[in-house]
Amino acid sequence: MESTDFPLIAIGAAAGALDAVRYITEALPRDCAAAIAVVFHTGRYPSHLPEILSWHGKLPVVFGEEGADLEPGRVYVAPPDHHMLLEPPGRIRVVRGSPIHNTRPAVDPLFASAAATFGPRVVGVVLSGRGKDGAAGLRTIKNHGGLALVQDPVEAPEPQMPAAAFAHDDPEVLPIDQLALRVAEFCAGMKAA
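All values reported here derive from a predicted model rather than from experimental measurement.

*Asks:* What's the story with the state of the cysteines in this structure? I'm lost.
*Replies:* Throughout the structure, instances matching the rule amount to one disulfide. Two residues, Cys32 and Cys187, share a disulfide whose sulfurs are 1.7 Å apart. One end of the pair, Cys32, is in the loop between α1 (18-27) and β2 (35-40); the other, Cys187, is in helix α6 (residues 176-192), and 155 residues separate them in sequence. The pair Cys32 / Cys187 is uniform in exposure class, with both members buried.

*Asks:* Sorry if this is basic, but what is going on with the packing of aromatic side chains here?
*Replies:* The relation between two aromatic rings is expressed through the spacing of the ring centres and the mutual angle of the planes. Inspection of the entire model under this criterion finds one aromatic pair. Look at Phe6 and Phe118: their rings are 5.9 Å apart centre to centre, the planes differ by 55°, and that puts the pair in the tilted class. In this pair, Phe6 is assigned in the segment before β1 (8-13) and Phe118 in helix α3 (residues 107-118), connecting sequence segments 112 residues apart. Neither Phe6 nor Phe118 differs from the other in exposure class; each is buried.

*Asks:* What am I meant to see in unusual backbone geometry here?
*Replies:* Where the residue is not glycine, phi is negative for most of them; where a peptide bond is considered, it is trans in most cases. Along the chain, Pro88 connects to Pro89 via a cis peptide bond; the corresponding omega equals 0°. For Pro89, the position within the fold is in the loop between β5 (83-87) and β6 (91-95). The omega torsion across Arg104 and Pro105 is 10°, close enough to zero to call that bond cis. Summarising the element assignment, Pro105 is placed in the loop between β6 and α3. Residue Asp81 is not a glycine yet carries a positive backbone phi of 65°. Structurally, the position occupied by Asp81 is in the loop between β4 (75-77) and β5. What makes Asp81 buried here is its relative accessible area of 14%. The backbone of Asn102 sits at a positive phi, close to 65°, despite the residue not being glycine. Taking relative accessible area as the criterion, Asn102 reaches 79% and is therefore assigned exposed.

*Asks:* How should I be thinking about the packing of α3 against helix α4 (residues 135-143) in this particular structure?
*Replies:* Two packed helices can be described by the angle between their axes and the distance between those axes. Relative to each other, α3 and α4 sit at 10°, their axes nearing to 7 Å. In terms of axis orientation, α3 runs roughly parallel to α4. Note on element contacts: α4 touches α3 through Ala135, Ala136, Gly137, Leu138, Thr140 and Ile141, opposite Asp108, Phe111, Ala112 and Ala115.

*Asks:* For this particular structure, what's the right way to read the environment of Arg30?
*Replies:* Checked against the element boundaries, Arg30 lands in the loop between α1 and β2. Here Arg30 falls in the exposed class, since its relative accessible area comes to 65%. Sequence separation between Arg30 and Arg139 is 109 residues, and the spatial gap between their C-alpha atoms is 29 Å. What Arg30 contacts, discounting residues up to four positions off in sequence, is Lys58 and Leu59.

*Asks:* How do you make sense of the packing of α1 against helix α2 (residues 49-56) when you look at a structure like this?
*Replies:* Between α1 and α2, the least distance of the axes is 9 Å, while the angle of their chain directions is 45°. Our classification of the angle between α1 and α2 gives oblique. Taken as a pair, α1 and α2 cross one another with a handedness that is right-handed. Listed contacts from α2 to Leu18, Val21, Arg22, Thr25 and Glu26 of α1 are Leu49, Ile52, Leu53 and His56.

*Asks:* Would you take a moment to explain α1 for this structure?
*Replies:* Every α-helix carries 3.6 residues per turn, so stepping three or four residues along brings you back to the same face. Here α1 has its buried residues at Ala20, Val21, Ile24 and Thr25. Seen end-on, α1 carries its buried residues on one side only, within an arc spanning 125°.

*Asks:* Explanation requested: α3 in the structure shown.
*Replies:* An ideal rise of 1.5 Å per residue puts 16 Å on twelve residues; α3 measures up with 16 Å between its terminal C-alpha atoms. The element α3 is extensively covered by neighbouring structure, given that ten of its twelve residues are classed as buried. Residues of α3 that are buried include every one of Val107, Asp108, Pro109, Leu110, Phe111, Ser113, Ala114, Ala115, Thr117 and Phe118, and no others. Gly119 sits one or two positions beyond α3 and adopts a positive phi of about 55°.

Rules used in this analysis
- Residues numbered from 1 in each chain as written.
- Predicted model: local features only at pLDDT ≥ 70, side-chain atom pairs only at ≥ 80, totals over all residues.
- Heavy atoms only, no water.
- Disulfide = S-S within 2.5 Å.
- Helix = DSSP H or I, 4+ residues; strand = E, 2+ residues; numbered from the N terminus.
- Buried < 20%, exposed > 50% of the residue type's maximum accessible area, 1.4 Å probe, protein only.
- Phe/Tyr/Trp six-rings, centres within 6.5 Å; stacked < 30°, edge-to-face > 60°.
- Axes fitted to C-alpha atoms, helices over the stretch in contact; angles between N-to-C directions.
- Parallel < 35°, antiparallel > 145°, perpendicular 65-115°, else oblique.
- Contact = heavy atoms within 4.5 Å.
- Left-handed = near helix turned anticlockwise from the far one by under 90°.
- Arc of directions from axis to C-beta.
- Expected span 1.5 Å × (residues − 1).

Shown next as structure tokens:
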């Protein structure tokens with residue numbers, strides 16, 4: 001199956017994770033060799049996440065659009081009330097679909113499709129949030145050879161999502177400052193590959 005040559009950073013976030021998402025995107029270098037896909041549990045409510053992340057980070061941030069091709073060095077945010085999926089060779093799918101884990105957009109569909117499309121070139125990151133969204137998808141990423149990172153539940157404002165992800169497959173569990181550095185190092189390390 002055809003795939004892209006560049007890596008992907010897939011971030012799943014919900015309640016209490018805005019600062020963590022900002023911290024990670026601020027740490028990414030301008031010449032980041034990866035594309036970044038973010039699902040934040042916004043439901044059907046308007047989201048200003050692309051503007052907020054653009055104010056603080058070095059990379060352009062946009063809502064994912066149906067049929068758009070991912071590009072390295074750009075951040076794509078799932079639009080409100082839609083799941084964001086990825087398909088070969090690195091194309092965005094935006095679908096309404098049924099809620100998953102009682103939410104839309106949900107993290108698991110992004111993570112599962114990222115694993116299928118990018119294989120070992122994907123880093124999955126689970127941040128603060130309620131429920132267990134992201135745990136199964138992070139397991140899929142790890143099973144496809146990708147890197148699984150989880151915010152330390154002790155410091156997460158809402159520890160349920162990180163705790164659920166931590167319970168499976170031995171991901172790296174890090175405080176947000178170290179997690180952001182690990183993601184930035186991945187971005188920089190892929191340039192040399």
